[in-house]
Amino acid sequence: MLRQVLLAASASQRVRRVVSTAPLTRDVVTRFVAGETTADALAVAQRLLADGLLVTLDYLGEDTVDPEQAAAVASEYVTLLERLCADGLTAGGRTEVSVKPTAVGLGLVGHGAKTAAENIARICVAARAAGTTVTLDMEDHTHVEATLGLVSELRPDFPDLGCVLQSYLRRTPGDCEALAGDRSRVRLCKGAYRAPDGVALPARSEVDRSFARCMRTLLAGAGYPMLATHDPRLIAIAQSLVAAGGRDASSYEYQMLYGVRRDEQQRLAAGGEQVRVYVPYGSDWYGYLVRRLAERPANLTFFLRALRSRQ
Ligand SMILES: Cc1cc2nc3c(=O)[nH]c(=O)nc-3n(C[C@H](O)[C@H](O)[C@H](O)COP(=O)(O)OP(=O)(O)OC[C@H]3O[C@@H](n4cnc5c(N)ncnc54)[C@H](O)[C@@H]3O)c2cc1C
């Protein structure tokens, strides 16, 4: 219930204004976001790599309504990739990038898919030159079909373009079957957006069961599964599936969010697993932050304190 209220709040401009200007909000933001500048992102990536972790960088922003803004986001990614490469941070795909399709134009009326495809192709070219990869984030359920359309359109030219599947959607077990093929890079997560019951599974237990089922499909396939969860039970299931299938540790990876379960990230990496940390940066952090708060009631303590101090 609280989660639904918070996710609804993420769309409210009035709540956005109050939260963005509350003094304590900054403390909450810095836990989950690397900073506002490219230099902040590079510094955090360098630190995480030095700790034996892998990184995917996300330039914050979503729901772009202007083609020039969409092109500017793509240019930011190109510059980021050039700087990462110049600093030696992309070798072997150690640092890659995550891109939200609506940030590069998917939501533009009339020509969204074309604009997004062109911008993503530009980013993929820069990633290839830097020796690394791009993963397309999955946003709310209204964009799933179009996002998977972008993946199938672009993969002939960029076979290592990754995509995300969300276990809370009823359609996802079928999508996993379809996308578990050779070299297919698929990030599996539970899903962080609001969705109606007809489209999404209503109970957390069902979402978890679906995650385990999807993981089984992906780990049995010939692709490269990226298991994005902090859930200890699902990580334990992943480890037993990997052991039973004799899968090499280089043929899949775990992924977690910056600022969430840092000890577990280190523990898995120390045990020989590949662990990639999803690191967002940029000034447009509001929607991302509210989704992180909605995931965990304990995070709300910070949030409510921030709001109170504003009154
Ligand atoms: C690398 C990565 C990429 C993602 N990309 C997408 C995407 O493209 N599209 C999308 O819809 N969603 C994405 N997500 C978010 C995902 O869908 C979930 O909302 C989020 O990961 C929480 O689910 P969980 O599997 O960790 O399980 P949960 O059951 O939510 O959490 C399990 C445990 O993890 C810890 N935890 C989880 N979240 C938090 C938090 N915010 N703060 C503190 N502790 C926490 C808690 O200990 C919790 O008990 C991504 C997640 C990751 C890790």
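See the structure above.
Okay, so let's go over this structure. Predicted, not measured: the structure shown is a model, and the values here were computed from it. (Residues numbered from 1 in each chain as written. Predicted model: local features only at pLDDT ≥ 70, side-chain atom pairs only at ≥ 80, totals over all residues. Heavy atoms only, no water.)

### Brief notes about unusual backbone geometry
Phase 1 of the analysis: Although it is not a glycine, Asp63 sits at a positive phi angle of roughly 55°.
Phase 2 of the analysis: Summarising the element assignment, Asp63 is placed in the loop between strand E1 (54-59) and helix H5 (67-86).
Phase 3 of the analysis: In this structure Asp63 comes out as exposed when scored by relative accessible area, which is 51%.
Phase 4 of the analysis: Notably, Arg261 is not glycine yet its phi reads approximately 50°, a positive angle.
Phase 5 of the analysis: Tracing the sequence through the fold places Arg261 in the loop between strand E7 (253-257) and helix H11 (262-270).
Phase 6 of the analysis: The exposure class assigned to Arg261 is partly exposed, which follows from its relative accessible area of 36%. (Helix = DSSP H or I, 4+ residues; strand = E, 2+ residues; numbered from the N terminus. Buried < 20%, exposed > 50% of the residue type's maximum accessible area, 1.4 Å probe, protein only.)

### Examining the site of the ligand
Phase 1 of the analysis: Around the ligand, the structure places 27 residues, and the nearest of them are Lys190, Gly191, Thr229, His230 and Glu295.
Phase 2 of the analysis: Take Thr229: an N or O atom from its side chain is 2.6 Å from an oxygen atom of the ligand.
Phase 3 of the analysis: Side-chain polar atom of His230 to an oxygen atom of the ligand: 2.7 Å apart, as the coordinates give it.
Phase 4 of the analysis: Expressed as a share of its isolated accessible area of 930 Å², the protein-covered part of the ligand is 88%.
Phase 5 of the analysis: Contributions of two or more residues to the shell around the ligand are made by helix H3 (25-32), strand E4 (162-166), strand E5 (185-189), E7 and helix H12 (286-295).
Phase 6 of the analysis: For the shell around the ligand, the leading source of residues is E7, giving three residues.
Phase 7 of the analysis: Here the shell around the ligand is composed, by residue class, of eleven nonpolar, six polar and ten charged. (Near = heavy atom within 4 Å. Polar contact = N/O pair within 3.5 Å; in protein donor to acceptor, adjacent residues only side chain to side chain. Areas by Shrake-Rupley, 256 points an atom, 1.4 Å probe, with all protein chains shown as cover. Nonpolar A, V, L, I, M, F, W, Y, C, P; charged D, E, K, R; others polar.)

### As for the packing of aromatic side chains
Phase 1 of the analysis: Following the criterion strictly, the structure yields four aromatic pairs and no others.
Phase 2 of the analysis: Centre to centre, the rings of Tyr59 and Tyr281 are 5.3 Å apart; their planes meet at 45°, and the pair counts as tilted. On the criterion of sequence distance, the pair formed by Tyr59 in strand E1 and Tyr281 in strand E8 (residues 275-281) is long-range, its members being 222 residues apart.
Phase 3 of the analysis: Judged by relative accessible area, Tyr59 falls into the partly exposed class, the value being 22%.
Phase 4 of the analysis: Classification of Tyr281 as buried rests on a relative accessible area of 0%.
Phase 5 of the analysis: Plain terms: the ring middles of Tyr252 and Tyr254 are 5.9 Å apart, the flat faces sit at 85° to each other, and that makes the pair edge-to-face.
Phase 6 of the analysis: What links up through ring pairs into an aromatic cluster is the set Tyr59, Tyr77 and Tyr281.
Phase 7 of the analysis: A cation sits over an aromatic face here: Arg292 above Tyr288, 4.5 Å from the ring centre. (Phe/Tyr/Trp six-rings, centres within 6.5 Å; stacked < 30°, edge-to-face > 60°. Lys NZ or Arg CZ within 6 Å of the ring centre and 35° of its normal.)

Keep in mind these numbers describe shape, not what the thing actually does.
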